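Listed here are the chains, written in short residue letters.
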Amino acid sequence: MKNSRPEVMKILASALVVFVSAQACTFSLFEIPSVPGISTQTPVPAVPSSTPRPVSQTTFITTLPEQLQAGESLAIALLDEVTGLSLNATYYPMSPRDALTYTAVLPLPYNSVVKYKYVRRGAVEFNEDTTRGTSIRYRLYYSAGPAEIQDIIADWADKSYTKPSGSIIGRVFNADTGSPLPNLLVNAGGVQSLTDSSGRFELPGLPVGTHNLIVYSLDGLYQPFQQGATVGEGKVTQVDVRVRPARLVNVTFTVAIPAETVPGVPVRIAGNLLQLGNTFADLQGGLSTNADRMPIMSLQPDGRYSTTLSLPADAHLQYKYTLGDGFWNAEHMSGGGWVLRDIIIPTQDTVLQDTVETWAAGNSSPILFEVTIPSVTPPGDIIYMQFNPYGWTEPIPMWPLGNNRWAYKLYSPLNMLGSFGYRYCRNAQCGSADDVDTVGYSTNGRQAITSLTGQDIQDTVRAWKWFENPEPVTLVGASITPRAGFSVGVEFQPTFRPNWSFYAPQAFANTQALGASQIVLTPSWTYSSLLPLTFAPFPGQDPLWIDSAIMISQARALGLNVAIFPMPHFPPAGTNPTDSPVSSFWKNAPRDAQWWQSWFDRYHDFAVHYADLASQTGAQSLILGGDWITPALPGGKLADGSPSNVPADAEAQWKAIIADTRAHFSGKVYWAMPYTKADLQTPLNLLKEVDGIYLLWSASLSNNPSATKTDFANEAGRILDNEISPLVSLVNKPLFLAVAYPSAAGAASGCISNGSAGCLDWLALSPPNPEVNSVSIDLQLQADIYESILTAVNARPWISGFISRGYHPPVALQDKSVSVHSKPAADILWYWFPRMLGTIR
């Protein structure tokens, strides 16, 4: 339905003033807002951000892996990570010096950090990639003055070459203190790595020759460092780097926006630094910035917007103003081109005075979207729009009107759209918390067409997928024995997306409201290659160091005890339907002596990294192990029962890892192990080295679909008494029961069929994984199972804690997953948790 209703603009304007106030916490409707940094006693210089900057001539010389074909040319592409790496690139043609050597001279601003890559152009364009066939996001170059840069192109996306290669490994330290630095981006030849807590990085598979090595701080808090590094065939080049910290200054951004802007809408700043929403990841639709991670500006009495940020002096800042993200509803030039402001942050407090020329691009008129949502929508939820111009992009937060109505006015880039898809979702979780009419990742969504005249599109969400009719639960009173020192809580799902951070405080508050005393966070690294074994943080799917540190701080501020349970992510499984990503990883690994040593070394770095994080953030405990490391234990076996060829000194390796972890972290160290019927595989000697057992429990309680809660409780008690209690007595360590049962039919059996004579992985039903249609939902069964296990635990004082695993932080979904977030099972926990702790009697 489309019409023109001017009155909606008045409602939109008044509602948005309240929204911006609530979200940004920057001004009140009853007070004159002030801008920090402007009304100070010492005047601050005002700097227009469009001031031209001096440039230096930089010569790029690159060597090709083979000659170009007839009709092909070579270009160097300067990339814009704020708009999107593939969306606003500037291409410079390169000239041949000889058949394999090309060159170009580019004017680059002094002190800028340039992101670039090489492109082979012909009938089809092909980007360069690495010797291992992985794509290159970009190379980095720090322009400190006139220079000549020599690069080596290893490979093209459509070809594969077998040529000699080597590696660069090293560590990065603070030049002033000597401390190792985590979370710095190290790049050479387009291969990149994030440093761990020891400052360690590794850049494998580089072509033989000299490369430009650069160390770059994602938040600009350390000055860039670059030098040449020579790689020999089959050799490892060791490079240790010391970088200097930058000084912080206050930068006040003040901007005048177009008169036709909807009054009061939230204006954000998108930029190339972490603080301005850059995730340094390949997000949906080729974007890298995320609206939820951007600063929101304050509306001033004169109609301008302003905010003050502490930013590193001398850092290279690229930014733009936006009503969405770096792509959607961002500012444009009057001619329709993208705006990307570019400055070097001054060494003193500064005010930037900017003006947005227009939000529009081209002749198409803006489209106003209005949507009415179901009354059962949780009151704290934010409604998002997701657009599909060439594929789904990152969701954008809408503007609340009240009375279950939301709106969003799309200004740009309508010039490049024509017809396009769109949809609505909750808390930015498009693909899982969807409108029931546009569910999943393969939907085309609702359809819109650009027009020269303004449009007002009014929609109604009939229901939300997985929240159509939230089911309550009937609570039955029980005689619960409070116990001193007992721990109850939830373990977060070991999945991460950059927009999840925005919803972490709400998730912690929900956890606290259950009566929980404990939160178990599951930060991760990713195995991206088996040979050479590569295990490191991967931006976009693993939280950055700062993401985890902030979450720990937020949880502790609510009085929650924090445990860190680091988890790995694995490459997708092969074509065998019975293989999970974990079993496929182990089956396909070389598992020879050299590979195993590399595996233990990488796990050591992984464990120490999170031990350092726990130590520096005040987390109370660290959990090592997990159900995935069984092949690496002494006498380890693969999923099919065959030997894993783990080395004979595996036990000594594990003891050394635990000892080194303790050297970095003085809190409690626990060992996570799966309950496996009659076969608890962790060696007793290893369990004696830790402070307790974190038992991963999805035990079969009954295969009978007519089984009752009493049946479940009796079977849980039998297993605990006959199989678990003897182990606890033997090692004399506390045991925490970490429980995971999906809200799905058959969950009590401990095995949801994968359709190929096997069981689904315990996270297979969790978002953002696609729905498994062969599995039926059963919310009440999950609640019954949890109540039954709690009943069994209540009668066994030797159990030290109860944890619900797989909690989905960003949004409430009554889906098939193991998460209890807003499900009947959560009501069971809400009743039991405070009574077990004795806070309610």
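Please read all numbers here as calculations on a predicted model, not as lab measurements.

Caption draft 1: Focus on the pairing of strand S37 (residues 533-536). Where strand S36 (residues 524-530) lies against S37, 4 bridges are found, and the strand directions are antiparallel. Each residue of the ladder has a partner; that of Ser529, found in S37, is Thr534. In textbook terms, the turn of a hairpin is the stretch between consecutive antiparallel strands, and for S36 and S37 this stretch comprises 2 residues.

Caption draft 2: Structural context of the layout of surface pockets. Size it by volume and the second largest pocket reaches roughly 720 Å³. Forming the boundary of the second largest pocket are 25 residues, of which Gln275, Asp292, Arg293, Met294 and Ile550 lie nearest the centre. Mapped onto the lining of the second largest pocket, the elements with two or more residues apiece are helix H1 (7-24), helix H2 (504-513) and helix H3 (545-557). Here the element with the most residues in the lining of the second largest pocket is H3; it accounts for 5 residues. Tallied by class, residues from the lining of the second largest pocket come to 16 nonpolar, 4 polar and 5 charged.

Caption draft 3: Layout of the packing of aromatic side chains. Enumeration over the complete set of coordinates arrives at 51 aromatic pairs. Ring centres of Tyr603 and Trp654 lie 5.0 Å apart, and the angle between their planes is 70°; this geometry places the pair in the edge-to-face category. You can see Tyr603 sitting in helix H5 (residues 593-617) and its partner Trp654 sitting in helix H6 (residues 650-664), a full 51 residues away along the chain. The ring centre of Tyr161 lies 5.8 Å from the NZ or CZ of Lys163, which sits over that ring. The ring centre of Trp762 lies 3.9 Å from the NZ or CZ of Arg805, which sits over that ring.

Caption draft 4: Main features of the state of the cysteines. Under the criterion given, the structure shown has 2 disulfides. Two residues, Cys425 and Cys430, share a disulfide whose sulfurs are 2.0 Å apart. Disulfide Cys425-Cys430: torsion about the S-S bond near -70°, hence left-handed. In this pair, the class of Cys425 matches that of Cys430, namely buried. Two residues, Cys751 and Cys759, share a disulfide whose sulfurs are 1.8 Å apart. Its S-S torsion of about -105° marks the bond between Cys751 and Cys759 as left-handed, since a negative value means left-handed. In this structure Cys751 comes out as partly exposed when scored by relative accessible area, which is 29%.

Caption draft 5: Broad picture of the packing of H5 against H6. It is at 8 Å that the axes of H5 and H6 come closest, and there the two elements cross at 20°. Taken together, the axes of H5 and H6 are roughly parallel relative to one another. H6 is crossed by H5, and the crossing has right-handed handedness. Mapping the contact onto sequence places Gln597, Trp599, Phe600, Tyr603, His604, Ala607, Val608, Ala611, Asp612 and Ser615 in H5 and Ala650, Gln653, Trp654, Ile657, Asp660, Thr661 and His664 in H6. Each residue belonging to the contact of H5 with H6 can be placed in one class, and the counts come to 9 nonpolar, 6 polar and 2 charged.

Caption draft 6: Main features of H5. Taking 1.5 Å per residue as the helical rise, H5 with its 25 residues ought to reach 36 Å, and the 36 Å between its terminal C-alpha atoms agrees with that figure. Burial within H5 is extensive, with 18 of its 25 residues counted as buried. One or two steps after H5, the chain reaches Gly618, where phi turns positive at roughly 85°.

Caption draft 7: How the structure looks around the side chain of Ser112. Relative to the assigned elements, Ser112 resides in strand S7 (residues 112-121). Here Ser112 falls in the buried class, since its relative accessible area comes to 2%. At 2.7 Å, the side chain of Ser112 and the backbone oxygen of Pro109 are in polar contact. Residue contacts for Ser112: discarding those within four places in its chain leaves Arg53, Tyr141, Tyr142, Ser143, His316 and Ile344.

Calculation criteria
- Residues numbered from 1 in each chain as written.
- Predicted model: local features only at pLDDT ≥ 70, side-chain atom pairs only at ≥ 80, totals over all residues.
- Heavy atoms only, no water.
- Pairing = 2+ DSSP bridges.
- Helix = DSSP H or I, 4+ residues; strand = E, 2+ residues; numbered from the N terminus.
- 1 Å grid on protein atoms, 1.4 Å probe; cavity = no way out; pocket = protein on both sides within 12 Å on 5 of 7 lines; lining within 4 Å.
- Points joined across faces, edges and corners; volume = space filled by probe spheres on them.
- Nonpolar A, V, L, I, M, F, W, Y, C, P; charged D, E, K, R; others polar.
- Phe/Tyr/Trp six-rings, centres within 6.5 Å; stacked < 30°, edge-to-face > 60°.
- Lys NZ or Arg CZ within 6 Å of the ring centre and 35° of its normal.
- Disulfide = S-S within 2.5 Å.
- Buried < 20%, exposed > 50% of the residue type's maximum accessible area, 1.4 Å probe, protein only.
- Axes fitted to C-alpha atoms, helices over the stretch in contact; angles between N-to-C directions.
- Parallel < 35°, antiparallel > 145°, perpendicular 65-115°, else oblique.
- Left-handed = near helix turned anticlockwise from the far one by under 90°.
- Contact = heavy atoms within 4.5 Å.
- Expected span 1.5 Å × (residues − 1).
- Polar contact = N/O pair within 3.5 Å; in protein donor to acceptor, adjacent residues only side chain to side chain.

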